[in-house]
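# Structural characterization, general
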Amino acid sequence: MSDLHPVTDIHPDIDRILISQEEINARIAELGAQISADYQGEELLLVCILKGAFVFMADLARAITVPVQTGFIAVSSYGHSTQSSGVVRIMKDLDQSVEGQNVLIVEDIVDTGLTLAYIASLLHDRHPKSLKICALTNKPQCRKKEVTIDYCGFVLPNEFVVGYGLDYQDYYRNLPYIGVLKPSRYAQSHG
Ligand code: IMP
């Protein structure tokens, strides 16, 4: 992890890049334009699911032209595993009410769908004016709970990916692209 390398180079722990920085930027511009058109004349509360969605939300918010407010909610993640435990716990709730607001949940990746289904149901019960979901990436093959993704950036194969907010053991969130980790990284971590 301490290897010195320019941020523009592929990280030594990354096997291959699946989505480049340029592709991410271009898709976010499209998503921002579509969201801005759909909410024309309205205001929007963007709800970021921490930690993974913070990078995506920062860029998405700046690609949206209607007035936005921001909220942050943190849920328990997979811990140190690459498999979903299926257990979702709220670690930090929103600071504000969502009642009567147009809420757009912003997520980095939809895998089993358990996290989003839980958060969407939680926010739905708080009576927003509208509730939609924007996910940067989607792994549809892994679904355990059906969720409607209103805005989706990219569909991914069933592989564990890191970068652009996505982590392995909280590392790699700062990579500007989305890529697959080298298998040796898993081997090292699990001894
Ligand atoms: P779900 O509840 O299974 O849909 O998982 C959603 C959460 O699991 C995401 O917010 C991520 O934090 C994490 N996750 C799922 N797949 C990956 C992956 O390929 N890389 C990194 N994190 C992932």
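Structure first, text after, so check above.
This section reports on the structure supplied with the text. (Residues numbered from 1 in each chain as written. Predicted model: local features only at pLDDT ≥ 70, side-chain atom pairs only at ≥ 80, totals over all residues. Heavy atoms only, no water.)

## What about the overall build of the chain?
- In terms of regular secondary structure, the chain is built from four helices and nine strands.
- For the chain, the N- to C-terminal ordering of α and β elements is β-α-β-α-β-β-β-α-β-β-β-β-α.
- Relative to its 191 residues, the chain shows a buried fraction of 46%.
- Taking all contacts inside the chain whose residues are at least 6 apart in sequence as the whole, residues at least 24 apart take part in 66%. (Helix = DSSP H or I, 4+ residues; strand = E, 2+ residues; numbered from the N terminus. Buried < 20%, exposed > 50% of the residue type's maximum accessible area, 1.4 Å probe, protein only. Contact = heavy atoms within 4.5 Å.)

## Considering the environment of Glu30
- With respect to the element layout, Glu30 can be found in helix H1 (residues 21-38).
- Between the alpha carbons of Glu30 and Leu60 there is a distance of 9.8 Å; along the sequence they are 30 residues apart.
- Only 2.7 Å separates the side chain of Glu30 from the side chain of Arg27, close enough to count as a polar contact. (Polar contact = N/O pair within 3.5 Å; in protein donor to acceptor, adjacent residues only side chain to side chain.)

## Examining the pattern of salt bridges
- Following the criterion strictly, the structure yields eleven salt bridges and no others.
- We note a salt bridge from Asp167 to Arg173, for which the minimum N-O separation is 3.5 Å.
- Of the charged contacts in the structure, one is a salt bridge between Asp170 and Arg173, with a shortest N-O distance of 2.8 Å.
- A relative accessible area of 40% places Asp170 in the partly exposed class. (Salt bridge = Lys/Arg side-chain N within 4 Å of Asp/Glu carboxyl O.)

## Re the pairing of strand S9 (residues 178-181)
- Bridge count for strand S1 (residues 14-19) against S9 is four bridges, and the pairing is antiparallel. Of the residues in S9, the one forming a bridge with Ile19 is Ile178.
- Strand direction decides the pairing type here: strand S8 (residues 161-162) and S9, joined by two bridges, are antiparallel. Within the sheet, the bridge partner assigned to Val162 lies in S9 and is Gly179. (Pairing = 2+ DSSP bridges.)

## Some words on the packing of aromatic side chains
- Applying the stated criterion across every chain, the model contains two aromatic pairs.
- Ring geometry for Phe160 against Tyr168: centres 6.1 Å apart, planes inclined by 80°, an arrangement best described as edge-to-face.
- Since its relative accessible area comes to 21%, Phe160 is described here as partly exposed.
- Residue Tyr168 is classed as buried on the basis of its relative accessible area, which comes to 1%.
- Summarising the aromatic geometry, the rings of Tyr171 and Tyr172 are spaced 6.4 Å apart at their centres and angled 65° between planes, so their arrangement reads as edge-to-face. (Phe/Tyr/Trp six-rings, centres within 6.5 Å; stacked < 30°, edge-to-face > 60°.)

## So, helix H3 (residues 114-124)
- Residues Leu114, Thr115, Leu116, Ala117, Ile119, Ala120 and Leu123 constitute the buried set of H3.
- Those residues of H3 that are buried are in contact with strand S2 (44-50), strand S3 (68-75), strand S5 (102-110) and strand S6 (130-138).

## Focus: the sheet that holds S1
- Strands sit in the order S1-S9-S8 across an open sheet of three strands; the sheet is antiparallel. The sheet is open, and its two borders are formed by S1 and S8, each paired with just one other strand.

## Section: unusual backbone geometry
- Of the consecutive residues Leu50 and Lys51, the connecting peptide bond is found in the cis state with omega at -5°.
- As for its position among the elements, Lys51 is in the loop between S2 and helix H2 (54-62).
- With a phi angle near 55°, Gln169 is a residue other than glycine that sits in the positive phi range.
- If you trace the backbone, Gln169 turns up in the loop between S8 and S9.
- With relative accessibility at 21%, the residue Gln169 sits in the partly exposed group.
- Positioned with a positive phi, Tyr172 is a non-glycine residue whose angle comes to about 75°.
- Assignment of secondary structure puts Tyr172 in the loop between S8 and S9.
- Tyr172 sits in the buried class, given a relative accessible area of 4%.

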